[in-house]
Structure formats: structure tokens, C-alpha cells
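Chain and residue survey
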Amino acid sequence: IDISSSNNDKLKNTDLHYIHRQTLKNSFRYTTKNLTSISEKILNANFDDILRVCNEVENSLGQIVSPANINAPNQVVIAGEVESVENVIKNLNDMGVKRCIKLKVSAPSHCKLMNDAAKKFESLLHETEFKNPSCQIIHNYNAKTSSDIDNMRTNLVEQLTNPVQWIKTMNNLKSFEGIIIECGPGKILKGLGKSNDINDIISTSENDHVERIKEML
């Protein structure tokens, strides 16, 4: 629910219980406990189906397959061995899921096939000097912030073999006030932000990103 800045004070003086989600340039964004509950139920139903099918195929074939990126309520990426991934796709199609796309990737990231790589990565991390971060870092393994060096190392290792919690990360970001900027090539994360009800994301790949940031400051 978007409320203009001029009407925001009127909302505060009502008996209605709105939850502040985001402060925009000319408006404030709110939700309600009821809307939050509905969105969680829809998400859990879709994700639970995918997780159940992955577990069934994994148990029947003895091959690894599991959710790898929980990107948005309508977008979950799975990873695993080729045969098991193909079986999950077939079973989901039989259940009525119309759009399952095979992605061309160089590594089966965020699943147990990365166990050996995770062990090697863990050894390298313990040899690497870390300094306390100057800002809060949200880890994609659990969508929580951490400033403890040992915990940061652990989260970096865990994210190799566990799904990216992008929905929870986006929900965490909504609790902060400020500008969200995507740094790097492309606008994939901006698109995922919109899929998670965050519309005011600026990508550095956009030609006018500097001007837009100035306007919002």
C-alpha cells in the first residue's frame, strides 16, 4: 500500500494497524499483517511443492537435487545431477507447473554437489585475514546480518551448499530506509527486486543512474 508523503501523517492518526515497509522519495510504503500472512502462505505452498518433489526424486534416484536460489514467490532455481534435475522438471510439469527452464551454468552452485569445493574454500578462508566490516552485510545463506568474523567465514562456506535466501534478503532490505543500488553488469537483481515488491532500485548499468541517485538524495 503506497501512501503519499502529504497524507502520511493522516495514516498515523488512524486506528488501522499498518506496518511500515519502505520510505520512497514522495511516498511511504506499508503492508498489513493480513497481507503479509497471505503472501507467506502463497510462497510456502509453491516452495513446499518444489521441495517435496526434489526430496522424492533424490530419494528414488539416490542423486542430489535441491532448491538452489529462492528468488521470488514465482521463481525458484533448483540444482543437482542432470538426471535428477530432469526428473524434477518432468514431475513439476505433470503437476501443472508450466514454466521450467534449464539454465546453462558452469557449476552446480548452492547444493551438496559443492561439498568438496566448500571444504577447500573453508581452508582458504581460514588463511585469509578478515577485518570488521564498516557497514552491515546481509548474508545470502540466512538473510541475516553479522559482524562476527568467524560467523562471516561460516556463512560464506555454507552459502556454497545451501540455497540463496533471496526473498528473505529482500524482506530484510525493506526494513532499512535509503536507496537500493545494484552494482555490477546487468540488471538481474533489479528485476528480482521488483518480483519481491521493491520497485525503487537503481542499477549502475543504467545510463542515468547518477542523476537518479542525486534526485533521491
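Residues numbered from 1 in each chain as written. Predicted model: local features only at pLDDT ≥ 70, side-chain atom pairs only at ≥ 80, totals over all residues. Heavy atoms only, no water.

1. Section: the nonpolar core
Listed in full, the nine residues of the largest apolar core are Ile50, Val53, Cys54, Val57, Val65, Val85, Val88, Ile89 and Leu92. For this core, the secondary structure elements donating two or more residues are helix H2 (33-61) and helix H3 (82-94). If you look at the next biggest cluster of nonpolar residues, it comprises seven residues, including Trp166, Ile180, Ile198 and Ile201. (Core = buried A, V, L, I, M, F, W, Y, C linked by side-chain atoms within 4.5 Å. Buried < 20%, exposed > 50% of the residue type's maximum accessible area, 1.4 Å probe, protein only. Helix = DSSP H or I, 4+ residues; strand = E, 2+ residues; numbered from the N terminus.)

2. Regarding unusual backbone geometry
Of note, His110 is a non-glycine position whose phi angle comes to about 65°, a positive value. Among the secondary structure elements, His110 is positioned in the loop between H3 and helix H4 (115-127). In this structure His110 comes out as buried when scored by relative accessible area, which is 13%. Although it is not a glycine, Asp197 adopts a positive phi angle of roughly 70°. With respect to the helices and strands, Asp197 occurs in the loop between helix H7 (188-195) and strand E7 (201-203).

3. Some remarks on the layout of surface pockets
Here the largest pocket defines a volume of roughly 1100 Å³. Taken together, 31 residues form the lining of the largest pocket, with Val76, Val77, Ile78, Ile101 and Leu103 sitting closest to its centre. Of all the secondary-structure elements, those providing two or more residues to the lining of the largest pocket are H2, strand E4 (65-72), strand E5 (75-80) and H3. Tallying contributions element by element places E5 first for the lining of the largest pocket, with six residues. (1 Å grid on protein atoms, 1.4 Å probe; cavity = no way out; pocket = protein on both sides within 12 Å on 5 of 7 lines; lining within 4 Å. Points joined across faces, edges and corners; volume = space filled by probe spheres on them.)

4. Some words on the pairing of E5
Here six bridges tie E4 to E5, and the two strands are oriented antiparallel to one another. Of the residues in E5, the one forming a bridge with Val65 is Gly80. Connecting the antiparallel pair E4 and E5 is a turn made up of two residues. (Pairing = 2+ DSSP bridges.)

5. Some details on the confidence of the model for the protein
This prediction gives the protein a mean pLDDT of 84; 82% of its residues lie at or above 70. Counting interchain partners and residues more than four positions distant, the pLDDT-below-50 stretch residues 39-44 has two contacts. (pLDDT = per-residue confidence, 0-100. Contact = heavy atoms within 4.5 Å.)

6. Things to note about the side chain of His139
Within the fold, His139 resides in the loop between H4 and helix H5 (149-161). For His139, a relative accessible area of 7% corresponds to the buried category. Among all residues touching His139, those that are not within four sequence positions of it are Lys144, Ser146, Met152, Asn155 and Thr169.

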